[in-house]
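The residues making up each chain are set out below.
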Amino acid sequence: MILAAVRASSVGLKIAAGFGGTALAITAVCVPFVAPGLKKHALPFIPATELQLENIKTALEKHGTERDLIDIGSGDGRITRMAAEMEKFPLCWGIEINRWLVYYSSVKSLLSGQSSSTRFFKSDLWKHNFDKYGNIVIFGVGPMMADLEDKLFAEIDGDAKIIACRFKFPNKKPIDTIGRGIDTVWVYDLNTVVLYKYNVQLKIAPGHPYL
């Protein structure tokens, strides 16, 4: 009986060690992917749903300009690759602070034959200037949308379009809204925003002769 107990204990230790090793391996793999999202004002990696991708594609078909596109916080690169498949944009970019996701996206694009139409790079979005892009896609988080709004609208030019997903900008009026719930996307450009701000600042009442 003592021998049987020792054997059972040994088996239990091996099983526990196996589970512990597996948990440690999973943690080691996952931490590089999620750690950047724990930083202040960083975008966590939450993959877009199929419906969100559909809504983004609809927004790009309706409003996209024939200029470069960038996905801010590009994660695994699925939005950048989807945009490249549309063959509407000269080059589709992905900016991501997590180097492991940048590596993954680059390899994925290479394997799917899209390496010539996509580019992925590691950078802090707050230190990157977005003035050269005509199409910007952003999956934001609530607390950072006001700061993102200030940054992006200060850098884009007149015909650029911004597609915001999950959260809209707090002080800007979209030119189009597609979908609903967490799958909603909002489309913005400078011309509509300027008109909106003009009306708000002057507080023009409906029916005023100057309208």
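Quick note: structure is the one above.
For clarity, every value in this text was computed on a predicted model and none was experimentally measured. (Residues numbered from 1 in each chain as written. Predicted model: local features only at pLDDT ≥ 70, side-chain atom pairs only at ≥ 80, totals over all residues. Heavy atoms only, no water.)

## Here we look at the overall build of the protein chain
Here comes step 1: The helix and strand inventory of the protein chain stands at six helices and seven strands.
Here comes step 2: Tracing the protein chain from N to C terminus, the helices and strands come up as α-α-β-α-β-α-β-β-α-β-β-β-α.
Here comes step 3: In the protein chain, buried positions account for 40% of the 211 residues.
Here comes step 4: Of the contacts made within the protein chain by residues no fewer than 6 positions apart, 65% connect residues no fewer than 24 positions apart.
Here comes step 5: As displayed, the protein chain offers around 12,100 Å² of accessible surface, 61% of which is attributable to carbon and sulfur atoms. (Helix = DSSP H or I, 4+ residues; strand = E, 2+ residues; numbered from the N terminus. Buried < 20%, exposed > 50% of the residue type's maximum accessible area, 1.4 Å probe, protein only. Contact = heavy atoms within 4.5 Å. Areas by Shrake-Rupley, 256 points an atom, 1.4 Å probe, with all protein chains shown as cover.)

## Comments concerning the sheet that holds strand 5 (residues 161-165)
Here comes step 1: A sheet is described by the order of its strands in space; here seven strands give the open sequence 3-2-1-4-5-7-6, paired in mixed fashion. The open sheet has two free edges, formed respectively by strand 3 (118-122) and strand 6 (176-178), since each of these has just one partner strand. Recorded for the sheet is a direction-independent mean angle of 20° between the axes of neighbouring strands.
Here comes step 2: As paired strands, strand 1 (residues 69-72) and strand 2 (residues 92-96) are joined by four bridges and run parallel to one another. Bridged to D71 within strand 2 is G94.
Here comes step 3: With respect to the sheet, helix 3 (residues 78-85) is in contact with strand 1, strand 2, strand 3 and strand 4 (135-139), its orientation differing from that of strand 2 by roughly 175°.
Here comes step 4: Contacting strand 2 and strand 3, helix 4 (residues 99-111) crosses the sheet at an angle of about 165° to strand 3. (Pairing = 2+ DSSP bridges. Axes fitted to C-alpha atoms, helices over the stretch in contact; angles between N-to-C directions.)

## Focus on the side chain of E96
Here comes step 1: Note on placement: E96 falls in strand 2.
Here comes step 2: Buried within the structure, E96 lacks any salt-bridge partner; its nearest side chain of opposite charge belongs to K122, at an N-O separation of 8.8 Å.
Here comes step 3: Separated by 3.1 Å, the side chain of E96 and the backbone nitrogen of N98 make a polar contact. (Lys, Arg positive; Asp, Glu negative; His and termini not counted. Salt bridge = Lys/Arg side-chain N within 4 Å of Asp/Glu carboxyl O. Polar contact = N/O pair within 3.5 Å; in protein donor to acceptor, adjacent residues only side chain to side chain.)

## Description of the pairing of strand 4
Here comes step 1: The element strand 4 is extensively covered by neighbouring structure, given that five of its five residues are classed as buried.
Here comes step 2: The alternating pattern of strand 4 places N135, V137 and F139 and I136 and I138 on opposite faces, both of which are buried.
Here comes step 3: When strand 1 meets strand 4, the two strands line up parallel, connected through four bridges. When the sheet's bridge partners are listed, L69 is paired in strand 4 with N135.
Here comes step 4: Alignment of strand 4 against strand 5, held across five bridges, turns out to be parallel. Considered in strand 5, the bridge of I136 is made with I162.

## Side note on helix 2 (residues 50-63)
It helps to recall that an α-helix has 3.6 residues per turn; residues three or four apart then point in one direction.
Here comes step 1: The end-to-end C-alpha distance of helix 2, which contains 14 residues, comes to 20 Å, matching closely the 20 Å that a straight helix rising 1.5 Å per residue would cover.
Here comes step 2: Against strand 1, helix 3, strand 4, strand 5, strand 6 and strand 7 (185-189) lie the buried residues of helix 2. (Expected span 1.5 Å × (residues − 1).)

## Section: unusual backbone geometry
Here comes step 1: The phi torsion at E87 lies on the positive side, around 55°, for a residue other than glycine.
Here comes step 2: Within the secondary structure, E87 sits in the loop between helix 3 and strand 2.
Here comes step 3: Of note, R166 is a non-glycine position whose phi angle comes to about 75°, a positive value.
Here comes step 4: Checked against the element boundaries, R166 lands in the loop between strand 5 and strand 6.

## Comments concerning the pattern of salt bridges
Here comes step 1: Counted according to the given criterion, the structure contains seven salt bridges.
Here comes step 2: D157 serves as the salt-bridge partner of R67, at 2.9 Å between the closest nitrogen and oxygen. You can see R67 sitting in the loop between helix 2 and strand 1 and its partner D157 sitting in the loop between helix 5 (145-155) and strand 5, a full 90 residues away along the chain.
Here comes step 3: Look at D157 and you get partly exposed, because its relative accessible area is 32%.
Here comes step 4: K161 is the partner of D189 in a salt bridge, and the nearest nitrogen-oxygen pair spans 3.8 Å. Taken together, the residues D189 in strand 7 and K161 in strand 5 connect sequence positions 28 residues apart.
Here comes step 5: Overall, the relative accessible area of 14% leaves K161 in the buried class.
Here comes step 6: A cluster of three or more residues bridged by salt bridges with shared partners is formed by R67, D157 and D159.

As far as function goes, none of this settles anything; it's purely spatial.
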